[in-house]
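Summary of structural features
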Amino acid sequence: MTNSQPRGSVTAVLEDLRGVVAAAHLLTDPAQLVTYECDGLAAYRVTPGLVVLADTAEEVAAVVRSCARHRVPFVARGSGTGLSGGALPHAEGVLVVTSRLRTLHAMRPEDQRAVVDPGVINLQVSREATPLGYYFAPDPSSQQICSIGGNVAENSGGAHCLKYGFTSNHVLALDVVTPTGEQVTLGTEAPDPPGYDLVGAFVGSEGTLGVATRAVVRLTRLPEEVRTVLAGFRSTDQAGAATSAIIAAGIVPAAIEIMDALAIEAAEKAVSCGYPAGAGAVLVVELDGAEQEVEHEYAEVERICREAGTFEFRMATDAAERAEIWKGRKSAFAAVGRISPDYIVQDGVVPRTSLPEVLRRMGEISAERGVRVANVFHAGDGNLHPLVLFDASEEGATERAEEVSGMILDLCIEHGGSITGEHGVGADKARYMPRMFTDDDLDTMQLVRCAFDPDGIANPGKVYPTPRLCGERPRVVQGAHPLQEAGMAEVF
Amino acid sequence: MGDDVLTSLAGTCTLREAQPGDAVDGVPATVVASPADAGETSALMRACDAAGLTVVVRGNASKLSWGRPPERVDVVLDTTGMDALVEHSRGDLIATAGAGMPLAVLRDRLAEGGHQLVVDDLVGISTLGGAVATGLAGPRRMWTGALRDLVIGVRFVRADGTVAKAGGKVVKNVAGYDLSKLLTGSMGTLAVITEVTVRLHPVPASSWWVGATVPPDRLPQVLGTLVASQLVPHAVEVHAVPGGDPQVAALVSGTPAGSAARAEAMAPLLGAGAQVAEEPPSWWGRIPTSDGAGSPLLLRTTARLSGIPELVAEATGAGLTVTGSAGAGVLHAAGDGGLDASAAVTALRTTSVRLGGSTVVLDAPAATKTTLDTWGEVPALDLMRRVRNEFDPRRTLAPGRFVGDL
Ligand SMILES: Cc1cc2nc3c(=O)[nH]c(=O)nc-3n(C[C@H](O)[C@H](O)[C@H](O)COP(=O)(O)OP(=O)(O)OC[C@H]3O[C@@H](n4cnc5c(N)ncnc54)[C@H](O)[C@@H]3O)c2cc1C
Ligand SMILES: Cc1cc2nc3c(=O)[nH]c(=O)nc-3n(C[C@H](O)[C@H](O)[C@H](O)COP(=O)(O)OP(=O)(O)OC[C@H]3O[C@@H](n4cnc5c(N)ncnc54)[C@H](O)[C@@H]3O)c2cc1C
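Please read all numbers here as calculations on a predicted model, not as lab measurements.

**Overview of unusual backbone geometry**
Residue and element names in this part refer to chain B. Of note in this structure, M187 is not a glycine but carries a positive phi near 60°. Looking at the secondary structure, you find M187 in the loop between α6 (179-183) and β10 (191-199). Phi is positive for V232, which is not a glycine, with a value near 55°. Positionally, V232 belongs in the loop between α7 (219-227) and β13 (235-240). Taking relative accessible area as the criterion, V232 reaches 32% and is therefore assigned partly exposed.

Here you go:
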């Protein structure tokens, strides 16, 4: 295959699909297409050429085969909650929506496995598993609406991934439609399948290696005991010191989260979570496991928090109280809308030991630029979610906020961290990739993409800034990539 | 021949002519090259690429014979010179080390900070790079996952000499493809791993093993109860020899008081004769061997958790000794020379595939090795071939060693 042929049009794809996909599921009416113009990152909008609401894996395969035949780009979409523009459509491409594939094929607690369609909602898996004594560990805050397919594509995490890992640690096998239109199974239900770990490569590939049409995921046993603690501190430094001491004591909590004063104010306004009045920071720690161990860890955590200067220490004694503590944290992103008309949700990572220094620098940047930053973070693994607040109606405010947001990412890279811990690169951060990776690093990643997608039609323009054309080697200086010329340029 | 190769590689790194002992699974080597760092590795690989020489990467050669014999070995690339502990960040619970770092040395160094890389070295003398390249995993994978789940960053040199990295040194990171996972278990056929960053765990204060002999008819119930236990076993292992009753043992770790209490509470789950001990049973965390000298046939066989009792029965019925992780669904099976290897492989493979797993031949006597179907049917083999072809189009790295004779 060569890369020089011109791309075909979505009209050709539409012709192929008539009679294969129900007419009502082929959306071409501009009024309908507009619904799909963005994902959770509404700053980027592109109206797709065609939207297909697939009902089966075979339909997904038919769409992709047709796209491959006509060299038309396609973008997969689950629930559209992504925060990096990963599901941003292609103007001359097809948006393949997998939400209607939502069958829960099997719940097998005896094997600690569930077999699910990509459109199944994250929380639904845990809801079905809980009566059987199990749950699905990856728990993004969006879990009431985000799909398993989206989780797989983004390698999503959540508050509890400190102890239990991310989506990639919980997916054993995937049915995938590759960008060349083949239906293949990657991995086996048991671990250690022969050959390369293609499941490991696919998870987190943000829809650039194909469309997942079924997943075998791990179910995790519900813990015997759960204790959720809320500690109020005067400053984030104190809360950070408590975090470090907990880790140094050899404790791996299920979750350790910190919110700063501004984030608390927002959460309080939005959901009246009743966090300690006057707190400069709150620390939420969740301990789970066997009762005897949790009891011991709880005593340690309380001692450490008191030594670090907590002025209010609460423990949830039942599920309702636990939900109350989590309410403020889980609603934090949306809550910020109460204290600022507009905001950017940032997602960066630093080594945990750099947290105090990075928070201090962020405070300085915020003061220098006159841009408020609220902080909510997964303190246990150094994953920061600074919320950069601004008012778009104010002259130059958007630009200032974007600049601060970019400076925060630079700060993360400077400290040996990452530009994204869980929200993905998508359309939003592709331009930052060269700050973290060399050309050779990025070219090596492209090798995987070329193996799966030689024509570059799967979610083009996402993740990588200017992808090398497959078959071209070594890297030579190139002009604008055809994908950019074909309409993706407006994205950047 | 040796001289030609030495000449074409001159100046890249320390070189010597290969000895008979450097042969890889019976295939004689020409030159042994020992790069000191990624830069020398890159120079070496570039020179090999230019001269069309094949390369087999070698750590401690503990199990270099496993897998298929390579088609040709011009150069053995010895990684043991790259053995530095680059970083152990205690507050971040991560460590970075050279690929040639022996796991045993790494363990001692990390223990100074109360930490560990949770990997069970089943063969005793692996290097970190060798462990990653083979996807080493033992009993405690039930606790923290296998090595694939603990590797957070890799530095490597591609077949054409390109130096690259993936991942990083933070535990949470979704920037770009997770090449660390792709390289883990790739058997040295995609790139030469030069440095690895791993996630660490605290060393628990105390550990107990709860063990019992379990009649085969009770095995499903005992294993089912153990893996579902909220007492959080860090490992559940099974060991069985042909004609004998299976043995089961579980590892309980944690605080001194807590773990002791949990071990006592777990004992009844294994049955009346269960024992709580401070030491593991002798077969724990080892590759099984048969009674005869060595282990002429060694298989890895997997199944969904509920299928493990059937797989154990199938293996022992075929005359194989099995040891492995009932808590993860992965077993090793060994048989001696008297066995019909081909029949044993076929029987176990049929059963394991039906139970959601696979069976691969890790090692076999030279006479039968090339006649056995090493990997069985590999799902997505065509995609794997394309990945290999992108990374190493000239098949420089260990040609023929991996699935589909890649
Ligand atoms: C309020 C809020 C809170 C959030 N909290 C978290 C959090 O705590 N942790 C976290 O990790 N994320 C979080 N997110 C981000 C987002 O919810 C996750 O990335 C989620 O996994 C996306 O799922 P989705 O179904 O909405 O995917 P979409 O947004 O539809 O798509 C996301 C990406 O996946 C691809 N994709 C979708 N389906 C498939 C498929 N079947 N096959 C292949 N590729 C596919 C798309 O092409 C796109 O690149 C949050 C988002 C919001 C709005
Ligand atoms: C197919 C297979 C499966 C195995 N599975 C298990 C298992 O499940 N559990 C277990 O305990 N042991 C397993 N082993 C054994 C494993 O080889 C050894 O336990 C050990 O990890 C190897 O360490 P070493 O340093 O001695 O490597 P060696 O024996 O020297 O090399 C082993 C393999 O890794 C490659 N390799 C070594 N270093 C590098 C590097 N830096 N970069 C790239 N490639 C490299 C070699 O080319 C060779 O293919 C397996 C071996 C094989 C071949």
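**With respect to the interface of chain B and chain A**
Residue-level contacts link 76 residues of chain B with 86 residues of chain A. Both sides together, the interface formed by chain B and chain A hides about 6400 Å², and carbon and sulfur atoms give 57% of it. Of all residues in chain B, K172, V174 and Y177 of chain B bury the most surface against chain A, accounting for 16% of the area lost on that side. Our count for the chain B to chain A interface comes out at 8 salt bridges. Note that R304 of chain B and E189 of chain A form a salt bridge whose closest N and O atoms lie 3.0 Å from each other. Summed over the shared surface of chain B and chain A, the result is 31 residue pairs in polar contact (both at pLDDT 80 or more). Elements represented by at least two residues in the side of chain B that touches chain A include exactly β8 (151-158), β9 (163-167), α6, β14 (247-254), α8 (256-270), β16 (297-302) and α12 (381-391) of chain B. In terms of residues, the side of chain B that touches chain A owes the most to one element, α12 of chain B, which gives 8 residues. Taken together, the residues of the side of chain B that touches chain A sort by class into 36 nonpolar, 22 polar and 18 charged.

**Remarks on the environment of T302 of chain B**
Inspection of the secondary structure puts T302 of chain B in strand β16. Discounting residues that sit within four places of it in the chain, T302 of chain B has contacts with A190 and P191 of chain A together with L311, G329, V330, S352, G357 and S358 of chain B. Of note is the side chain of T302 of chain B, whose polar atom sits 2.9 Å from the backbone nitrogen of S358 of chain B.

**Points about helix α3 (residues 103-111) of chain B**
Residue and element names in this part refer to chain B. Where α3 is concerned, the buried positions are L103, L106 and L110. In an axial view of α3, the angular spread of the buried residues amounts to 55°, which keeps them on one side of the axis. On its buried side, α3 packs onto β5 (85-89), β6 (94-98), β7 (115-116) and α4 (128-134).

**Observations regarding the state of the cysteines**
Residues and elements named next belong to chain A. Per the counting criterion, the structure on display carries 1 disulfide over all chains. Paired through a disulfide, C450 and C470 show a sulfur-sulfur distance of 2.1 Å. Taking the sign of the torsion about the S-S bond as the criterion, the disulfide between C450 and C470, at about -85°, is left-handed. With C450 in helix α16 (residues 439-452) and C470 in the loop between α16 and α17 (482-485), this pair connects stretches of sequence that are 20 residues apart. Accessibility classification places C450 together with C470 in one group, the buried group. Summary of cysteine pairing: C146 is not part of a disulfide, and the nearest cysteine sulfur, belonging to C161, is at 13 Å.

**Re the site of ligand 1**
All names here are of chain A. Near ligand 1 there are 33 residues, and of these A76, G78, T81, S142 and S147 occur at the shortest range. Separating an oxygen atom of ligand 1 from a backbone N or O atom of G82 is a distance of 2.8 Å. For ligand 1, the protein covers 94% of the area, taking 970 Å² as the surface of the free molecule. Only β3 (74-77), α5 (148-154) and β10 (211-218) provide two or more residues apiece to the shell around ligand 1. Element by element, the count of residues in the shell around ligand 1 is highest for α5, at 5 residues. By residue class, the composition of the shell around ligand 1 is 10 nonpolar, 19 polar and 4 charged. Looking at which domains feed residues into the shell around ligand 1, each of domain 1 (10-97) and domain 2 (104-221) gives three or more.

**Description of the packing of α7 of chain B against α8 of chain B**
All names here are of chain B. Put simply, α7 and α8 touch, their axes get as near as 9 Å, and they point 155° apart. With respect to their mutual orientation, α7 and α8 come out roughly antiparallel. Across from V222, T225 and L226 in α7, the residues of α8 making contact are M266, L269 and L270. Each residue belonging to the contact of α7 with α8 can be placed in one class, and the counts come to 5 nonpolar, 1 polar and no charged.

**Some remarks on the nonpolar core**
Ranked by internal contacts, the top residues of the largest apolar core, which has 136 residues, are L198 of chain A together with L117 and L182 of chain B. Looking at which element gives the most residues to this core, the answer is helix α14 (residues 397-414) of chain A, with 8 residues. When sequence neighbours within four positions are dropped, the list of residues in contact with L198 of chain A reads L186 and F452 of chain A together with L182, A380, L383, M384 and V387 of chain B. Core analysis: the second largest hydrophobic core is formed by 42 residues, L219, M266, A341 and L348 of chain B among them.

**Brief notes about the domain arrangement of chain B**
All names here are of chain B. Along its sequence, chain B is organised into domain 1 (2-80), domain 2 (85-202), domain 3 (206-277) and domain 4 (297-369). Taking only C-alpha atoms into account, the centre of domain 2 sits 29 Å from that of domain 3. Both sides together, the interface formed by domain 2 and domain 3 hides about 490 Å², and carbon and sulfur atoms give 73% of it. The largest contributions to the domain 2 side of the interface with domain 3 come from P139, M142 and W143, which together make up 87% of the buried area. Scanning the region where domain 2 abuts domain 3 turns up 0 salt bridges. Inspection of the domain 2/domain 3 interface yields 1 residue pair in polar contact (both at pLDDT 80 or more).

About the thresholds
- Chains are numbered independently. Their residues run from 1 in the order of the written sequence.
- For naming, the first written chain is A and the first written ligand is 1, with later ones following in the order written.
- pLDDT decides what is reported in this predicted model: residues at 70 or higher carry local features, side-chain atom pairs at 80 or more are listed and counted, and totals for whole chains, interfaces and linings draw on all residues regardless.
- The side-chain numbers reported here are obtained from all heavy atoms of the structure, hydrogens and water having been left aside.
- Working definition: helices are DSSP H or I runs of at least four residues, strands are E runs of at least two. Numbering for both runs from the N terminus.
- Burial classes follow relative accessibility: with a 1.4 Å probe on protein chains only, a residue under 20% of its type's maximum area counts as buried, one over 50% as exposed, and anything between as partly exposed.
- Any two residues whose heavy atoms approach within 4.5 Å at even a single point are treated as in contact.
- Summed over both partners, the accessible area lost on bringing two parts together, with a 1.4 Å probe, is the buried area.
- Any Lys or Arg side-chain nitrogen located within 4 Å of an Asp or Glu carboxyl oxygen qualifies as a salt bridge.
- N or O atoms closer than or at 3.5 Å make up a polar contact, with two conditions inside protein: a donor-capable atom paired with an acceptor-capable one, and, for residues adjacent in sequence, both atoms drawn from side chains.
- When residues are grouped by polarity, Ala, Val, Leu, Ile, Met, Phe, Trp, Tyr, Cys and Pro land in nonpolar, Asp, Glu, Lys and Arg in charged, and all others, Gly among them, in polar.
- Here the arc refers to the directions that run from the helix axis out to each C-beta atom.
- By convention in this document, the label disulfide applies to cysteine sulfur atom pairs within 2.5 Å.
- Here a residue is near a molecule or strand as soon as one of its heavy atoms is found within 4 Å of it.
- Only the protein chains shown count as cover for residues, and all accessible areas are computed by the Shrake-Rupley method using a 1.4 Å probe.
- Boundary definitions for the domains trace back to an automatic or database domain assignment.
- Lines fitted to C-alpha atoms define the axes here, with helix axes fitted over just the stretch in contact, and angles between the N-to-C directions of these axes take values from 0 to 180 degrees.
- Here the angle decides the label: under 35 degrees means roughly parallel, over 145 means roughly antiparallel, 65 to 115 means roughly perpendicular, and every other value means oblique.
- To form a nonpolar core, buried Ala, Val, Leu, Ile, Met, Phe, Trp, Tyr and Cys residues must be joined to one another through side-chain atoms within 4.5 Å.

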